[in-house]
Amino acid sequence: MRVASKMEEVRNEAGELAQAAVTAHELMQKLVRLLHERVLKYNWVGFYMLEPGAQPPMLVLGAFEGATTPHTRIPLNQGICGAAASSGQTVVVDDVGKDPRYLACSLETKSEIVVPVFVHGKVVGELDIDSHFPAAFTREHQDLVQYCALLVGKKLETSGH
Ligand code: SME
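Keep in mind that what you see is a predicted model, and the values were worked out from it rather than measured.

## A closer look at the overall build of the chain
Part 1: Counting its secondary structure elements, the chain contains 4 helices and 6 strands.
Part 2: Shown N-terminal to C-terminal, the secondary structure of the chain runs as helices and strands in the order α-α-β-β-β-α-β-β-β-α.
Part 3: A globule of 161 residues ought to have a C-alpha radius of gyration of about 15 Å, and the chain, at 15 Å, matches this closely.
Part 4: Each principal axis of the C-alpha distribution contributes one length, and for the chain these read about 50 × 35 × 25 Å.
Part 5: For the chain, with 161 residues in total, the buried portion stands at 46%.
Part 6: Of the contacts made within the chain by residues no fewer than 6 positions apart, 52% connect residues no fewer than 24 positions apart.
Part 7: For the chain, the exposed surface amounts to about 8300 Å²; the carbon and sulfur share of it is 55%.
Part 8: Both charge centroids of the chain, one from 15 positive and one from 19 negative side chains, sit 3 Å from each other.

Structural data, given as structure tokens:
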């Protein structure tokens, strides 16, 4: 019998959390803990959600695991976070030192991924992960993080909160 890889295990656990969670809020808290605890290279894991009705639009820090960040509110024209939310695309940065958009959270961060969360096709927030390792977010990691963002979008669609 083939032994499941660590990434498959984490993916399966994320799916189980989504089935058990009543609200998206609960799911986001459990997912950030799972990803931060189980994947060595994920040193900071958090959700930023668009503030309802804010003009100009604003990303607000929600559930997170890792060091406290000065960036609790990010406008859409700033940071890797703003880029992902405004484009609706996953952004992977292998070397944050070379990306002028990067807003520093920790001097130790070397690479970052930000994946939008969609509800009925519209961006409502995003899942942001920082790593102390350069180029940590290979295709395999992108798939896992996108899956987790998808689970939250689906939970928001079904539970409404
Ligand atoms: N680095 C992000 C800011 C958020 S921290 O990583 C937690 C950015 O450039 O948008």
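## Here we look at the sheet that holds strand β3 (residues 73-75)
Part 1: The 6 strands lie next to each other as β3-β2-β1-β6-β5-β4, forming an open sheet whose pairing is antiparallel. Because the sheet does not close on itself, it has two edges, and the strands there are β3 and β4 (91-93). Adjacent strand axes in the sheet meet at a mean angle of 25°, parallel and antiparallel pairs treated alike.
Part 2: Along the sheet face, helix α2 (residues 24-38) touches β1 (44-50), β2 (58-65) and β6 (122-131) and points at about 155° away from the line of β1.
Part 3: Helix α3 (residues 79-87) contacts β1, β2, β3, β4, β5 (111-119) and β6 of the sheet and is inclined by roughly 35° relative to β5.

## Things to note about the pairing of β2
Part 1: In terms of strand pairing, β1 meets β2 through 5 bridges, oriented antiparallel. Bridge pairing in β2 places Leu50 opposite Leu59.

## Section: empty space enclosed by the protein
Part 1: For the structure shown, the criterion picks out 1 cavity of 30 Å³ or more.
Part 2: Of the voids in this model, the largest cavity is the one considered here, and its volume is about 80 Å³.
Part 3: Lining the largest cavity we find Tyr48, His71, Ile74, Gly79, Ile80, Cys81, Tyr102, Leu103, Cys105, Glu112, Asp128 and Asp130.
Part 4: Only α3 and β6 provide two or more residues apiece to the lining of the largest cavity.
Part 5: Looking at the lining of the largest cavity, the element that brings in the most residues is α3, giving 3 residues.
Part 6: By residue class, the composition of the lining of the largest cavity is 7 nonpolar, 2 polar and 3 charged.

## Notes on unusual backbone geometry
Part 1: Gln55 connects to Pro56 through a cis peptide bond whose omega is 0°.
Part 2: Residue placement: Pro56 occurs in the loop between β1 and β2.
Part 3: Backbone geometry at His120 places phi at a positive 45°, although glycine is not the residue there.
Part 4: Following the sequence through the fold, His120 ends up in the loop between β5 and β6.

## Observations regarding the site of the ligand
Part 1: Not every one of the 13 residues close to the ligand is listed here, only the nearest: Ile80, Cys81, Leu103, Cys105 and Asp130.
Part 2: Separating an oxygen atom of the ligand from a side-chain N or O atom of Asp128 is a distance of 3.4 Å.
Part 3: Within the side chain of Asp130, a nitrogen or oxygen atom sits 2.8 Å from an oxygen atom of the ligand.
Part 4: Contact with the protein chains hides 100% of the accessible area of the ligand, taken as 310 Å² for the molecule alone.
Part 5: Here the ligand is seated within the largest cavity.
Part 6: Looking at the shell around the ligand, the elements with two or more residues in it are β1, α3 and β6.
Part 7: Broken down by element, the shell around the ligand gets its largest block of residues, 3 residues, from α3.

Cut-offs applied
- Each chain carries its own residue numbering, running from 1 in the direction its sequence is written.
- Only residues with pLDDT of 70 or above have their local features reported here, since the model is predicted, and side-chain atom pairs are shown and tallied only from 80 upward, although totals for entire chains, interfaces and linings are computed over all residues.
- Side-chain descriptors were evaluated using all non-hydrogen atoms of the structure, hydrogens and water having been removed beforehand.
- Secondary structure elements follow DSSP: runs of H or I of four or more residues count as helices, runs of E of two or more count as strands, with numbering from the N terminus.
- Only C-alpha atoms enter the radius of gyration; for comparison, a globular chain is expected to reach 2.2 Å times N to the power 0.38, where N is the number of residues.
- Think of it in three bands: residues with accessible area under 20% of the maximum for their type are buried, residues over 50% are exposed, and the middle band is partly exposed, with areas taken using a 1.4 Å probe on protein chains only.
- We call two residues in contact whenever any of their non-hydrogen atoms come within 4.5 Å of each other.
- What sets the accessible areas is the Shrake-Rupley method with a 1.4 Å probe; for residues, cover comes only from the shown protein chains.
- Charged residues are defined narrowly, with Lys and Arg counted positive, Asp and Glu counted negative, and His plus the chain ends left uncounted.
- Just so you know, the charge point we use is NZ for Lys, CZ for Arg, CG for Asp and CD for Glu.
- Should DSSP find at least two bridges between two strands, the strands are regarded as paired.
- Lines fitted to C-alpha atoms define the axes, with helix axes restricted to the stretch in contact, and inter-axis angles between N-to-C directions lie between 0 and 180 degrees.
- Lining residues are defined by having an atom within 4 Å of a point belonging to a cavity or pocket. Those points lie on a 1 Å grid over the protein atoms alone, cavities being sets where a 1.4 Å probe fits but cannot get out and pockets being open sets with protein on both sides within 12 Å along at least five of seven lines.
- Grid points are joined across faces, edges and corners, and a volume is the space filled by probe spheres set on the points.
- Three classes are used: nonpolar for Ala, Val, Leu, Ile, Met, Phe, Trp, Tyr, Cys and Pro, charged for Asp, Glu, Lys and Arg, and polar for all others, with Gly counted as polar.
- Proximity is defined per residue: any heavy atom of the residue falling within 4 Å of a molecule or strand makes that residue near it.
- Definition of a polar contact: a pair of N or O atoms within 3.5 Å, with one able to donate and the other able to accept a hydrogen when the atoms are protein atoms, and with sequence-neighbouring residues admitted only if both atoms are side-chain atoms.
- Criterion for pocket placement: a molecule counts as inside a cavity or pocket if more than half of its atoms are within 2 Å of its grid points.

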